[in-house]
Amino acid sequence: KEKDLQKEFDAKIDAETKIEPRDWMPDAYRKNLIRQISQHAHSEVVGMLPEANWITRAPSLRRKVALLAKVQDEAGHGLYLYSATETLGAKREDTVDDLHRGKAKYSNIFNYPTVTWADIGAIGWLVDGAAIQNQVMLTRTSYGPYSRAMVRICKEESFHQRQGYEIMLTLANGTEAQKEMAQDALNRWWWPSLMMFGPSDKDSPHSQQSMAWKIKRQSNDELRQEFIDKTVPQAEYLGLTIPDPDLKWNEERESYDFGPINWDEFFNVIKGNGPMNKERLKARKDAKDNGAWVREAANAYAKKKRKREAG
Ligand code: 3HC
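Everything in this summary refers to the structure shown in the same document. The structure displayed is predicted, hence computed values, not measured ones.

### Considering the side chain of Gln-161
Then, number 1: Structurally, Gln-161 is set in helix H7 (residues 144-172).
Then, number 2: Here Gln-161 falls in the buried class, since its relative accessible area comes to 15%.
Then, number 3: Ignoring anything within four residues of it in the chain, the contact list for Gln-161 reads Gly-124, Trp-125, Asp-128, Gly-129, Ile-132 and Gln-234.

Encoded structure:
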């Protein structure tokens, strides 16, 4: 019986038929998806914090409105993805508690501080740019609910990327001080953005199995390279310098060669020792504690309503 089910599952994967919540799936496939999608959701929710830092200090009403809309989108992406984990049997409370207990990861990139307004431009341009690179690939992931969530999320991400790039363009074409701010932000966000794609393929424990199950459709290094090749011309258009002396166009490969990534920094940050890890987790735990009264009130109201309706 199990063997037939496994065969049917494999045939669906081969035929590019989406796996749906009620379909039989190997436990390991389910577990891998809960791991990845829950951490993706945590990334969206924690990702709101660095940007929220500038909502009250945006330089104009237009910038404030765009940033507010972006942060609200991230919240929606997070809820969308938590719902996708629930279709796999994960309990929302447990998933969120895993984050608060430091048991679950979220994207390395959100453990860096947003020290100037230019960071908001660099995040939209580079962080959302990298997220789009990865999420467009994930629209082809084999698990139905995750792939459909990605289609919806990618539409909103492109606005995030464009508003970030426009901020960088305004600064790069502004006063000397503004241009320096943009360059300083690029210097601080470039390498951590490359790390977002994950360890190099040879050091990626999940990649092989994720590729076999068509959860992952392109490798970490492949997506990183595509992102670099796309982003270098954008930096040139801004008149900014990418902080990598080894960056050089390779005619033969028709791609950019680039310098070594500081993997010690990456593993240190995702282990919890980044500049802002403690603040990020404290903000999430405070949000849960400070919001408890709202949940209690809503539950009490729902209970009374059910009792009234039951008559
Ligand atoms: N940050 C934190 N942890 C990371 C990481 C990163 N950038 N990249 C990899 N890791 C972790 C993995 O989670 C895994 O740890 P685990 O076993 O405890 O989960 C370990 O490092 C080994 O990495 P692998 O390459 O073997 O893991 P994956 O096959 O899962 O590949 C991934 C990593 C490419 C990030 C993949 O998990 C993925 O595609 N995730 C969904 C995309 C995602 O999470 N994007 C967040 C971007 S930010 C965002 O979306 C907000 C945007 O709106 C700004």
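### Here's the deal with the packing of aromatic side chains
Then, number 1: If you walk through the whole model with that rule in mind, you get 11 aromatic pairs.
Then, number 2: Relative to Trp-189, the ring of Tyr-112 has its centre 6.3 Å away and its plane inclined at 65°; by these criteria the two rings are edge-to-face. Of this pair, Tyr-112 sits in the loop between helix H5 (92-100) and helix H6 (117-138) while Trp-189 sits in helix H8 (residues 176-195); the two residues are 77 residues apart in sequence, bridging distant segments of the chain.
Then, number 3: Among the aromatic residues, ring-to-ring pairing joins Phe-9, Trp-24, Tyr-29 and Trp-213 into one connected group.
Then, number 4: Over the aromatic face of Trp-54 sits the side chain of Arg-57, whose NZ or CZ is 4.3 Å from the ring centroid.
Then, number 5: Sitting over the ring of Tyr-80, Arg-152 keeps its end group 5.0 Å from the ring centre.

### Quick word on the site of the ligand
Then, number 1: Lining the immediate environment of the ligand, one finds 32 residues, of which Glu-74, Lys-105, Glu-157, Ser-204 and His-206 sit closest.
Then, number 2: In this structure, an oxygen atom belonging to the ligand sits 2.6 Å away from a side-chain N or O atom of His-206.
Then, number 3: Of all the secondary-structure elements, those providing two or more residues to the shell around the ligand are helix H2 (27-46), H6, H7 and helix H11 (263-273).

### Side note on the environment of Gly-272
Then, number 1: Within the secondary structure, Gly-272 is located in helix H11.
Then, number 2: Sequence separation between Gly-272 and Ala-58 is 214 residues, and the spatial gap between their C-alpha atoms is 29 Å.
Then, number 3: The residues contacting Gly-272, other than those within four sequence positions of it, are Asn-277 and Lys-278.

### Things to note about the side chain of Gln-36
Then, number 1: By secondary structure assignment, the location of Gln-36 is in helix H2.
Then, number 2: For Gln-36, a relative accessible area of 19% gives the class buried.
Then, number 3: Within the local environment of Gln-36, its side chain forms a polar contact with the side chain of Tyr-146, the two groups lying 3.3 Å apart.
Then, number 4: Residues within four places of Gln-36 in sequence aside, it is in contact with Leu-138, Tyr-146 and Ile-215.

### Re the packing of H6 against H8
Then, number 1: The interhelical angle for the contact between H6 and H8, taken along N-to-C directions, is 35°, at an axis separation of 9 Å. Here the hand of the crossing between H6 and H8 comes out right-handed. Across the interface between the two elements, Trp-117, Ala-118, Asp-119, Ala-122, Ile-123, Trp-125, Leu-126, Val-127 and Ala-130 from H6 touch Met-181, Ala-182, Ala-185, Leu-186, Arg-188, Trp-189, Trp-190 and Ser-193 from H8.
Then, number 2: Among the residues making up the contact of H6 with H8, the classes are represented as 14 nonpolar, 1 polar and 2 charged.

### Observations regarding empty space enclosed by the protein
Then, number 1: All told, the structure shown has 1 cavity of 30 Å³ or more when counted by the stated rule.
Then, number 2: Within this model, the largest cavity holds a volume of roughly 30 Å³.
Then, number 3: Considering the residues around the largest cavity, the lining is formed by Ile-13, Glu-16, Thr-17, Lys-18, Ser-142 and Lys-214.
Then, number 4: Within the lining of the largest cavity, the residues separate by chemical class into 1 nonpolar, 2 polar and 3 charged.

Definitions and limits used
- Residues numbered from 1 in each chain as written.
- Predicted model: local features only at pLDDT ≥ 70, side-chain atom pairs only at ≥ 80, totals over all residues.
- Heavy atoms only, no water.
- Helix = DSSP H or I, 4+ residues; strand = E, 2+ residues; numbered from the N terminus.
- Buried < 20%, exposed > 50% of the residue type's maximum accessible area, 1.4 Å probe, protein only.
- Contact = heavy atoms within 4.5 Å.
- Phe/Tyr/Trp six-rings, centres within 6.5 Å; stacked < 30°, edge-to-face > 60°.
- Lys NZ or Arg CZ within 6 Å of the ring centre and 35° of its normal.
- Near = heavy atom within 4 Å.
- Polar contact = N/O pair within 3.5 Å; in protein donor to acceptor, adjacent residues only side chain to side chain.
- Axes fitted to C-alpha atoms, helices over the stretch in contact; angles between N-to-C directions.
- Left-handed = near helix turned anticlockwise from the far one by under 90°.
- Nonpolar A, V, L, I, M, F, W, Y, C, P; charged D, E, K, R; others polar.
- 1 Å grid on protein atoms, 1.4 Å probe; cavity = no way out; pocket = protein on both sides within 12 Å on 5 of 7 lines; lining within 4 Å.
- Points joined across faces, edges and corners; volume = space filled by probe spheres on them.

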